[in-house]
Amino acid sequence: MLVSSPLSGKWTASLCLLSTLCTLWTPAVSVKEHDFKKCDQSGFCKRNRVFADNAGASSSWESPYNILPESRSFKDGQFQAIVLKTINAKGDTVRLPLTVSFLESGTARVTVDEEKRQNKEIELRYDSKVRKERYNEAEEWVVVGGLGLDKEATVGFEDKSQTTVKYGPSSAFEAVIKLSPFTIDFKRDGESQIKFNDRGLLNVEHWRPKIEQPETEKKEGEGDGGEKKEETTLENKEGSSSSGEDESTWWDESFGGNTDTKPRGPESIALDISFSGFDHVYGIPSHAGPLSLRETRGGEGKYSEPYRLYNADVFEYILDSPMTLYGAIPFMQAHRKGSSVGVFWLNAAETWIDIIKAKDWRNPLSLGGSSKTSTHTHWFSESGLLDVFVFLGPTPQDLTKKYGELTGYTAMPQEFALGYHQCRWNYVSDEDVRDVDRKMDKSNLPYDVIWLDIEYTDEKKYFTWDKHTFPDPIGMGKQLDNHGRKLVTIIDPHIKNAEGYQVVTELKSKEHAVKNKEGSIFEGWCWPGSSHWIDAFSPAAREWWATLFKYDSFKGTMKNTWIWNDMNEPSVFNGPETTMPKDNIHYGGWEHRDVHNLNGMTFHNATHHAVKSREPGELQRPFVLTRSFFSGSQRVGAMWTGDNQAAWDHLHASFPMILSQGISGFPFSGADVGGFFGNPEKDLQTRWYQAGAFYPFFRGHAHIDSRRREPYLAGEPYTSIIAAALRLRYSLLPSWYTAFHQAYVDGTPIIKPMFYTHPGEEAGYDIDDQFFVGNTGLLAKPVTEQDKVTAEIWIPDNEVYYDYFTYKTIPTSKGKRAAIDAPLQKIPLLMQGGHIFARRDRPRRSSSLMKWDDYTLVVTIGRDGGKSAEGDLYVDDGESYDFEKGQYIHRKFVLNGEATTISSTDAESRDPSSVKEGDWMKKMHDVKVDRIVIVGAPASWAKKQATVESEGKSWPASLDYSAAAHGRASFATVKKVGARIGADWKVVVS
Ligand SMILES: *[C@@H]1O[C@H](CO)[C@@H](O)[C@H](O)[C@H]1NC(C)=O
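The protein carries the name alpha-glucosidase in an unreviewed UniProt entry, which gives Lasiosphaeria miniovina as its organism. Recorded under Subcellular location (unreviewed entry), the UniProt text for the protein is reproduced unchanged: "Endoplasmic reticulum". The annotation that UniProt attaches to the protein under Pathway (unreviewed entry) is "Glycan metabolism; N-glycan metabolism."

Shown next, in the form of structure tokens:
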């Protein structure tokens, strides 16, 4: 959260201690676009756009980058060469080492660096505090595997103009590397998919000496940014008139009263990446806009700014915008019928991406000539290496899997984390928490976690409690524990600069804080007022951080206390764009500029490891929520979409954002239910709970100035409708958990957009308000519009669809929009035929109280009339890491209509004797399949009986059959099945 409205006087009061902050923050109510840079206010962004415009305007434009032919080599799956950049009319060049690595996974990686210290002058001008090479450590934080080289990759063809490398599965992939100008064309089965530098926009701003200006022209002191900028421009124009480049922001630039010094000068990297024949691109979260990305160079229905990735505290963000938000995942996918491909731009500096689409002619000479659209993207980052991974698919599943091989898959969460989380800024006392806990129970509202925002602390000093309002945190924690519930407390990276506060004293004396450009500890403003920031890039700082979470250090916390990391972009109230100055210095001598987008992840990760190590043996899987993130954050916790508003359009915007997270490797995501800012009207709040029941991370949250809105306060009929949505979530927890397990195994999104599940159906490519849940066949389209009482669900195939609640058969067919009744109490939710999914139907107060409950299986008969249906269930103890040692149950359920049996076998065909059963598995012997509901059961079942066979025995089970009536499908229920969930069994209907 950031800045409360002027009504909550305390921030205004404390911030007004500094008069400049007072003027900055008093009027803050909603996001001001002008608080954040537009492309032409960001020096390198502007330069690269101008570069693109100049290139596009000239028919004779030629990229000044060429491979030195004799520098080429190829060995063990790696192509290396020197790219020469011609930097002036005289023909002077700089040398850029190029490496193209072909990985075993079929992914290719292109890296362009710059040879260090190519001239003496440059070496001399370096400030000793700043590292001299381009930032090259992003890989260290992000990539956890998949870098093995493909030794089978071979040079297929080489001459003086090109080298062609064949690689990938059955050598179906090909990289055609052209020398002059340097381009790469990535092909699959001979067909071009992705092209690098096709438009000639490759740009590596090389190092150069600063031409010092006479002292007299330099301005001292603060002064207005604009004025200063003008003078700098003049100076530089005089200094080097020959280049014709805009040098005004090479050595410093100002924005909003802050000046960024640039000790290394201009060093941006840029590249155009074209997706041949692709009309849709997805990914690069987080942005509040459609899943299918828009064009960015103006025109109707298009943005005029590039998509920006520069993690920032953008409170009350505006919708349908390419503006940056709190987290960044520079992974983009392109999709068309028959092909999904993607690129991962591994760079943690400020990054912008322009997107344009253009018709091109496939073969103008062929009869009729077919025109197709290609998407042309242009990426630019302020510093660092050019480092791009190329994925050639061909399916969306290949992309999520291969991207996860590099950056890691979703950590397997504890099961409670999938339950409902009750949060607000703030529960004001331990008695308040106990009271909410009691009232949730009294109103039969299940929940798992209650949260504490910043007010629980003693004056925003993290790891402390306000002694007046939270005198008994342990008593509070125990009450929660009695119902299997958890507490989450917030811990942020800004550490209050206060006398006698042990944490800041240690932070300073042990030098674990981020430094400013002078090399002393950086000081800025955040919630506590004057603060310092832990530098989680430092291993020693992370080790120290872990000590703070020990139970005897953070007193008042217990085994059921977990953590929320907010403000880790980092948010700095008085910093440029509400974050840290780019010339701050991190561990290793790197500028903040280089690592900005990694900052949130390193802090989140430090906290994850800290809470994991609270107890010897690291027995429990940590839960840590983060606001800021980067590629790889999925390995350590969940994220939410930040400070949204209690407004219908914000509810609507949540699904495209969460779907985008899902296909970008970080599916454990949600939006604040109810909307953070403002007061939702009752029907909005109710609809939001119905939607939230389908967020992978499901948390209600509210701003300090909003009215209390715990669901029991809503009144009838709202409270009951919300309770029903919560119960729906809880009954489906086994299926949600199974979907999380799939994400953990191979990166499959937890909720899936249409292009992902039906990649051949073009009409689904820009649908982002409906989705499938895991592997269940559940197709949901929660209502996100005011006064809407029907939902039009787009039907992606010719399967049978049933209404989840009424078993009504939906009269529809592929490509149609089915109108589903959706009065306030109803969530539009369909079941696709051909699936089997698991539920636990007994209502309970929290997920852990459901741990030993029996299961219900739901079988949906498909269009084949019941010849086949399939599904799976993954279950483990929901807490520990024992699942890594085989302590889990993973069943595959199959309906075989020929012989009419429903069977359960081990989904991984494991030999049961291969796993020695621990306590949890033994206890699971008592957990059974209770009921099986077969929706759409054939009429012949009316006269049939069910027999259960399992573990060498067989017994009858009752089979009730209800014939189809009034549009409702027939269904059958097998009751008291009584087979162990962990055992092989068969239900035979005969
Ligand atoms: C996470 O923390 C561990 C332990 O300190 C460290 O080894 C790892 O490099 C960190 N990773 C990230 C992404 O911060």
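That shown, we press on.
1. Side note on the overall build of the protein
Helix and strand content of the protein: 18 helices and 51 strands. In terms of overall size, the protein behaves like a compact globule, its C-alpha atoms giving a radius of gyration of 29 Å where 990 residues would be expected to give roughly 30 Å. Structurally, the protein occupies a C-alpha span of about 95 × 80 × 55 Å along its principal axes. Among the 990 residues that make up the protein, the fraction classed as buried is 62%. Taking as baseline every contact in the protein between residues at least 6 positions apart, the subset at least 24 positions apart corresponds to 72%. In the form shown here, the protein has an accessible surface area of approximately 35,900 Å², with 50% of it arising from carbon and sulfur atoms. Of the charged side chains in the protein, 118 are positive and 138 negative, and the gap between their average positions amounts to 5 Å.

2. What about the site of the ligand?
In the vicinity of the ligand, the contacting residues are W141, R542, T602, N605, H609 and R635. In this structure, N605 approaches the ligand through a side-chain N or O atom, which is 2.3 Å from an oxygen atom. When the ligand is considered free in solution it has 360 Å² of accessible area, and contact with the protein chains removes 67% of it. In terms of residue count, helix α12 (residues 592–612) provides more of the shell around the ligand than any other element does, 3 residues in total.

3. A closer look at the sheet that holds strand β38 (residues 801–803)
Strand order in this open sheet of 5 strands is β34-β35-β36-β40-β38, and the pairing throughout is antiparallel. The open sheet has two free edges, formed respectively by β34 (751–752) and β38, since each of these has just one partner strand.

4. Thoughts on the sheet that holds strand β25 (residues 494–496)
Backbone hydrogen bonds are what pair the strands of a sheet, in a parallel or an antiparallel way. Read across the sheet, 3 strands follow the order β25-β27-β26 without closing on themselves; strand pairing throughout is antiparallel. Whereas interior strands pair on both sides, the edge strands pair on one side only; in this sheet they are β25 and β26 (524–526). Strand-to-strand, the axes of this sheet are offset by a mean angle of 60°, without reference to chain direction. Where β26 lies against strand β27 (residues 529–533), 3 bridges are found, and the strand directions are antiparallel.

5. Description of helix α7 (residues 396–407)
Since one α-helical turn is 3.6 residues long, residues separated by three or four positions face the same way. A rise of 1.5 Å per residue sets the reference length of α7, with its 12 residues, at 16 Å; its end C-alpha atoms lie 17 Å apart and thus fit the reference within 8%. For α7, every residue scored as buried is listed here: P396, L399, T400, Y403, G404, L406 and T407. Buried residues of α7, viewed axially, fall in a sector of 155°; they line one side. Residue G408 follows α7 closely and has a positive phi angle near 95°.

Parameters at a glance
- Counting restarts for each chain: residues are numbered from 1 in the order of the written sequence.
- Confidence filtering applies because this is a predicted model: local features only for residues at pLDDT of at least 70, side-chain atom pairs given and counted only at 80 or more, and all residues used for totals across whole chains, interfaces and linings.
- Side-chain descriptors were evaluated using all non-hydrogen atoms of the structure, hydrogens and water having been removed beforehand.
- UniProt positions are given in the numbering used here, feature names are shortened, and annotations may be inferred rather than shown by experiment.
- By definition, any uninterrupted DSSP run of H or I lasting at least four residues is a helix, any uninterrupted run of E lasting at least two residues is a strand, and each is numbered from the N terminus.
- This radius of gyration counts C-alpha atoms alone. The globule rule is 2.2 Å times how many residues there are, raised to the power 0.38.
- Think of it in three bands: residues with accessible area under 20% of the maximum for their type are buried, residues over 50% are exposed, and the middle band is partly exposed, with areas taken using a 1.4 Å probe on protein chains only.
- Residue contacts are counted whenever heavy atoms from the two residues lie within 4.5 Å of one another.
- Using a 1.4 Å probe, accessible areas were evaluated by the Shrake-Rupley method; residue-level cover was limited to the displayed protein chains.
- His residues and chain termini do not enter the charge count, which takes Lys and Arg as positive and Asp and Glu as negative.
- Lys charges are placed at NZ, Arg charges at CZ, Asp charges at CG and Glu charges at CD.
- Near, as used in this document, describes a residue that has one of its heavy atoms within 4 Å of the molecule or strand being considered.
- The definition of a polar contact used here is a pair of N or O atoms within 3.5 Å, where within protein one atom must be able to donate a hydrogen and the other to accept one, and adjacent residues in sequence count solely through side-chain atom pairs.
- Here a strand pair is declared whenever DSSP counts at least two bridges between the two strands.
- To get an axis, fit a line to the C-alpha atoms, keeping to the stretch in contact for a helix; angles then go from 0 to 180 degrees between the N-to-C directions.
- One fewer than the residue count of a helix, multiplied by 1.5 Å, yields its expected span.
- The arc refers to the directions leading from the helix axis to the C-beta atoms.

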